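Residue-level listing of the chains:
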Amino acid sequence: MIKKVSQDKLIDSKKLPQHLAIIMDGNGRWAKERGLPRSAGHMEGVKAVKRVISNCISLNIPILTIFAFSTENWKRPKNEVLYLLKLFNKALNKEKENFIKNNIRINFLGRIKDLPNSLIKQMNEIAKITSNNNKLILNIAINYGGRAEIVDAINSIISTVYEKKIKIGDITENTIRDNLYTHGLPDPDLLIRTAGEMRISNFMIWQIAYTEFWVTPVYWPDFDKINLIEAIRDFQKRVRKFGRKV
Ligand code: IPE
Ligand code: IPE
Ligand code: MG
């Protein structure tokens with residue numbers, strides 16, 4: 001308990017990221033280092049997801065977006081893809097009550113329609129039953145690609161042009177923003193990537209234009225509160241200029 005209080009004091013509660021996004025990477029390497037199958041790393045990764053959700057709640061971070069499965073992850077071996085899809089279904093089913101109890105609203109970002117029907121059903125139900133919750137907004141990106149998201153936005157804008165609801169010359173950055181999966185939400189303030197890679201891997205490419213980026217070598221299954229606090233402390237030292245002279 002004493003440890004918890006002193007950890008939280010390390011960060012300025014008035015300068016918290018309002019939207020934290022995470023590229024959860026390194027499950028496979030975590031398992032490999034232990035001589036375990038990759039599936040064991042993914043299973044341990046679910047525990048780290050639960051941990052980061054409760055840490056965001058205790059630190060009062062209102063929006064968390066996590067990258068669970070990319071549009072490019074279908075290129076992995078079929079057994080790994082099937083394992084991951086089953087794991088999502090199982091974990092969502094298990095956490096349903098906790099989402100309700102802890103006042104967490106779940107949104108899913110991605111090409112949901114291309115996922116297995118049983119998973120879609122589970123996702124729709126969870127989104128519906130948590131839709132009025134307001135302690136934490138948890139966006140789970142599944143079958144998500146930043147380029148696919150922009151293509152989907154363009155297609156939906158073109159439909160509204162055909163329906164004569166908007167004129168071609170009137171399309172602005174706000175029109176695109178409002179047609180992304182994240183419509184209505186602010187852009188991430190801080191993006192964390194675990195497992196050391198210095199790349200974006202097609203995550204939120206529109207939304208992160210001015211997001212602060214933090215990379216840690218820690219593998220996702222090992223990511224804990226200390227690592228989160230370290231990232232937030234670094235974020236709080238940064239001068240965000242948005243192109244201005246500060
Ligand atoms: C992240 O861990 C989980 C997903 C991409 C689904 P990885 O499975 O990418 O782990 P590494 O990068 O192989 O270590
Ligand atoms: C990014 O990790 C996708 C997710 C975390 C879901 P990857 O492991 O797929 O990224 P690359 O292949 O190393 O770029
Ligand atoms: Mg990876």
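Residues numbered from 1 in each chain as written. Chains lettered and ligands numbered in written order. Predicted model: local features only at pLDDT ≥ 70, side-chain atom pairs only at ≥ 80, totals over all residues. Heavy atoms only, no water.

Caption draft 1: The arrangement of the overall build of the chain in detail. Counting its secondary structure elements, the chain contains 8 helices and 6 strands. Ordered by position from N to C terminus, the α and β elements of the chain give α-β-α-α-β-α-β-α-β-α-α-β-β-α. Relative to the 2.2 N^0.38 estimate, which gives 18 Å for 246 residues, the radius of gyration of the chain is 19 Å and therefore close to what a compact globule would have. Taken over the C-alpha atoms alone, the chain extends approximately 60 × 50 × 35 Å along its principal axes. (Helix = DSSP H or I, 4+ residues; strand = E, 2+ residues; numbered from the N terminus. Rg over C-alpha atoms; globule rule 2.2 N^0.38 Å.)

Caption draft 2: Up close: the site of ligand 1. As a structural note, the neighbourhood of ligand 1 is formed by 13 residues, with Asp25, Gly28, Arg29, Arg38 and Arg76 the closest of them. A distance of 2.9 Å is found between an oxygen atom of ligand 1 and a backbone nitrogen or oxygen belonging to Gly28. A distance of 2.7 Å is found between an oxygen atom of ligand 1 and a side-chain nitrogen or oxygen belonging to Arg29. Elements represented by at least two residues in the shell around ligand 1 include exactly helix H2 (27-33), helix H3 (38-59) and helix H4 (78-101). (Near = heavy atom within 4 Å. Polar contact = N/O pair within 3.5 Å; in protein donor to acceptor, adjacent residues only side chain to side chain.)

Caption draft 3: Broad picture of the pattern of salt bridges. Within the structure shown, the criterion is met by 19 salt bridges. In this structure, Arg193 and Asp25 form a salt bridge, with 2.9 Å as the shortest nitrogen-oxygen distance. Taken together, the residues Arg193 in strand E5 (residues 190-193) and Asp25 in the loop between strand E1 (19-23) and H2 connect sequence positions 168 residues apart. Given the relative accessible area of 4%, Arg193 is considered buried. By relative accessible area, Asp25 is classed as buried at 16%. Salt-bridge contacts for Asp178 lead to Arg177; the nearest nitrogen and oxygen are separated by 3.1 Å. What emerges from the salt-bridge pattern is a single network uniting Asp25, Arg29, Arg193, Glu197 and Arg199. (Salt bridge = Lys/Arg side-chain N within 4 Å of Asp/Glu carboxyl O. Buried < 20%, exposed > 50% of the residue type's maximum accessible area, 1.4 Å probe, protein only.)

Caption draft 4: Quick look at the packing of aromatic side chains. Tallied over the entire structure, the rule returns 8 aromatic pairs. Taking the centre distance of 5.7 Å and the plane angle of 80 degrees together, the rings of Tyr144 and Phe203 count as edge-to-face. Of this pair, Tyr144 sits in strand E4 (residues 136-144) while Phe203 sits in the loop between E5 and strand E6 (212-215), and the two are 59 residues apart along the sequence. Across the pair, Phe203 and Tyr144 agree in class, each one buried. (Phe/Tyr/Trp six-rings, centres within 6.5 Å; stacked < 30°, edge-to-face > 60°.)

Caption draft 5: View of the site of ligand 2. Around ligand 2 sit Ile23, Met24, Asp25, Phe67, Ala68, Phe69, Asn73, Arg76, Arg193, Arg199 and Ser201, and that is every residue in its neighbourhood. Arg76 places a side-chain nitrogen or oxygen 3.2 Å from an oxygen atom of ligand 2. Within the side chain of Arg199, one N or O atom sits 2.8 Å away from an oxygen atom of ligand 2. Against a free-state accessible area of 390 Å², the protein chains account for coverage of 79% of ligand 2. Among the elements that make up the shell around ligand 2, the one with the highest residue count is strand E2 (residues 63-70) (3 residues). Residue composition of the shell around ligand 2, by class: 5 nonpolar, 2 polar and 4 charged. (Areas by Shrake-Rupley, 256 points an atom, 1.4 Å probe, with all protein chains shown as cover. Nonpolar A, V, L, I, M, F, W, Y, C, P; charged D, E, K, R; others polar.)

Caption draft 6: Seen up close, unusual backbone geometry. Even without a glycine there, the phi angle at Asn103 is positive, about 60 degrees. You will see that Phe242, though not glycine, has its phi angle at about 50 degrees, which is positive. Along the chain, the position of Phe242 falls in the segment after helix H8 (225-237). The exposure class of Phe242 is partly exposed, given its relative accessible area of 40%.

Caption draft 7: Inspection of the pairing of E6 at higher detail. Going residue by residue along E6, you find Glu212 and Trp214 tucked away on one face and Phe213 and Val215 left uncovered on the opposite face. Pairing geometry for E5 and E6, over 4 bridges, is parallel. The partner of Leu190 across the bridge, within E6, is Glu212. (Pairing = 2+ DSSP bridges.)

Caption draft 8: Expanded view of the environment of Leu119. For Leu119, the location among the structural elements is in helix H5 (residues 117-129). In this structure, the C-alpha to C-alpha distance between Leu119 and Leu92, residues 27 residues apart in sequence, is 9.1 Å.

Caption draft 9: A look at the sheet that holds E6. Read across the open sheet, the 6 strands follow the order E3-E4-E2-E1-E5-E6; overall the sheet is parallel. One side of each edge strand has no neighbouring strand; the edge strands of this open sheet are strand E3 (104-109) and E6. Taking each pair of neighbouring strands and ignoring which way they run, the sheet shows an average axis angle of 20 degrees. By the bridge criterion, 4 bridges tie E1 to E5 in an arrangement that is parallel. Bridge pairing in E5 links Ile22 to Ile192. (Axes fitted to C-alpha atoms, helices over the stretch in contact; angles between N-to-C directions.)

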